[in-house]
Amino acid sequence: MITFLSGGTGTPKLVRGAREHLPDENISVVVNTAEDLWISGNHLSPDIDTLMYLFSGQLDTGTWWGISGDSFLTHQELVRLGVDEYIGIGDQDRAVHIARGELLRKGYSLTRATKELCSRMGIRAAILPMTDETVTTLIRTPDGVIHYQEYWVKHRGNLPIEEVIRYSPTRPSATAEVLSAIHEADRVVIGPSNPVTSILPILECDGIIPALMDTFVIAVSPFIGESPVSGPAAELMKARGLTPDSRSTWLLYKEFCDIFVQDIRDPVAVPGSLRYDTLMTDTRKSAALAAMLFDQRSRVD
Ligand code: GDP
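In what follows, the accompanying structure is described. Quick caveat: nothing in here was measured; it's all calculated off a predicted structure.

Turning to the side chain of Ser-248, a few remarks are in order. Mapped onto the elements, Ser-248 comes out in helix α11 (residues 246–253). Only 2.7 Å separates the side chain of Ser-248 from the backbone oxygen of Thr-243, close enough to count as a polar contact. Setting aside its immediate chain neighbours within four residues, Ser-248 contacts Met-237, Leu-242 and Thr-243.

Next up, the structure:
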């Protein structure tokens, strides 16, 4: 079994490639939930949704969020009625958020609600929220503290970041399901997801780092030079006092990472790293990168 640690774009592209080599039941994905929010009364879990839609064959792979061909009638009507729904939620996508909200209101944990929704969608991979506790990434801007989604979607990242805050009312722990998916994996792959908003929230859950120390871990960089392939990762790294590049990413993972992979075009030197074409512009390129990662052997093998 292969276990991925994932956000909602870079790692799902790699998971798409892994599916060309492995049956879905041999894939587990530990997913960031620090971007979750209740919106218009329903529960949006952006990274879990992307993975559920990927495995159920519904994902819009043009944007890496939402359901391909979805309509937006409810969203348009809500906006017309003056509701500040700043995320364009499709009608079918909203149905999933309503179903999840209902399960959570009934007292289901996020893990159990996700399992239930996956089973209703016929998904055979294990999609595992990193924790069942609430964790939220907030951004401090000169105008105040806002949810990460508000920073990235409503303001399109056009606000200075003074601080990245991880808010959680309780100290978050990895779930038992997550820890066994790491312990039972032949290897754990940290795909090229945003370090600050997608991977660090997972690493900050109690139990994750000790579990990774006992496992063969391969990580892929989301940076080429000082630019991410897409998204706001550079500004977020800078707000944490880090240079936005592969070397800083490797330093964040070094303690438990056995093999670090960076792009062949990346001018930044990382000691001992592997080089490969990591630009997953189509399924064939995702599959080639996944095959290379699966060929790596642990130093203790
Ligand atoms: P988010 O939840 O939507 O922020 O998605 P992730 O955190 O999973 O992924 C965002 C990161 O993926 C960005 O920092 C990008 O640089 C990286 N990324 C996206 N596509 C690729 C790709 O094809 N190759 C590499 N190496 N990185 C990618």
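With that settled, the discussion passes to the sheet that holds strand β1 (residues 2–6). Sheet architecture is open: seven strands sit in the order β5-β2-β1-β9-β10-β13-β14, paired in parallel fashion. The open sheet has two free edges, formed respectively by β5 (126–129) and β14 (274–276), since each of these has just one partner strand. For this sheet the average axis-to-axis angle between neighbouring strands, irrespective of direction, equals 20°. On top of the sheet, α11 reaches β9 (187–190), β10 (217–220) and β13 (259–263); it is set at about 165° to β13, its chief contact.

The environment of the ligand is formed by 21 residues, the closest being Thr-9, Ser-193, Asn-194, Ser-198 and Val-229. Taking Gly-8, its main chain carries an N or O atom lying 2.8 Å from an oxygen atom of the ligand. Separating an oxygen atom of the ligand from a backbone N or O atom of Asn-194 is a distance of 2.7 Å. Coverage of the ligand by the protein chains reaches 93% of its 590 Å² of free accessible surface. Residue contributions to the shell around the ligand peak at three residues, all from helix α1 (residues 10–18). Across the shell around the ligand, the residue classes break down as seven nonpolar, 11 polar and three charged.

Packing of helix α8 (residues 195–203) against α11 brings their axes to within 12 Å, and their N-to-C directions diverge by 10°. Relative to α11, the element α8 lies roughly parallel. Residue-level contacts link Pro-195, Ile-199, Leu-200 and Leu-203 of α8 to Thr-249, Leu-252 and Tyr-253 of α11. Here the contact of α8 with α11 is composed, by residue class, of six nonpolar, one polar and no charged.

In this section: the pattern of salt bridges. Oppositely charged side chains can pair when the atoms bearing their charge come close. Taken as a whole and assessed by the stated rule, the structure comprises 15 salt bridges. A salt bridge links Asp-84 to Lys-154; its shortest N-O distance comes to 3.0 Å. Of this pair, Asp-84 sits in the loop between α3 (73–80) and α4 (91–105) while Lys-154 sits in helix α6 (residues 148–154), and the two are 70 residues apart along the sequence. The class for Lys-154 is partly exposed, based on a relative accessible area of 34%. Where salt bridges share partners, they join Asp-263, Arg-265, Asp-277 and Lys-285 into one cluster.

Calculation rules
- Residues numbered from 1 in each chain as written.
- Predicted model: local features only at pLDDT ≥ 70, side-chain atom pairs only at ≥ 80, totals over all residues.
- Heavy atoms only, no water.
- Helix = DSSP H or I, 4+ residues; strand = E, 2+ residues; numbered from the N terminus.
- Polar contact = N/O pair within 3.5 Å; in protein donor to acceptor, adjacent residues only side chain to side chain.
- Contact = heavy atoms within 4.5 Å.
- Pairing = 2+ DSSP bridges.
- Axes fitted to C-alpha atoms, helices over the stretch in contact; angles between N-to-C directions.
- Near = heavy atom within 4 Å.
- Areas by Shrake-Rupley, 256 points an atom, 1.4 Å probe, with all protein chains shown as cover.
- Nonpolar A, V, L, I, M, F, W, Y, C, P; charged D, E, K, R; others polar.
- Parallel < 35°, antiparallel > 145°, perpendicular 65-115°, else oblique.
- Salt bridge = Lys/Arg side-chain N within 4 Å of Asp/Glu carboxyl O.
- Buried < 20%, exposed > 50% of the residue type's maximum accessible area, 1.4 Å probe, protein only.

Worth remembering: the numbers are spatial, not functional.
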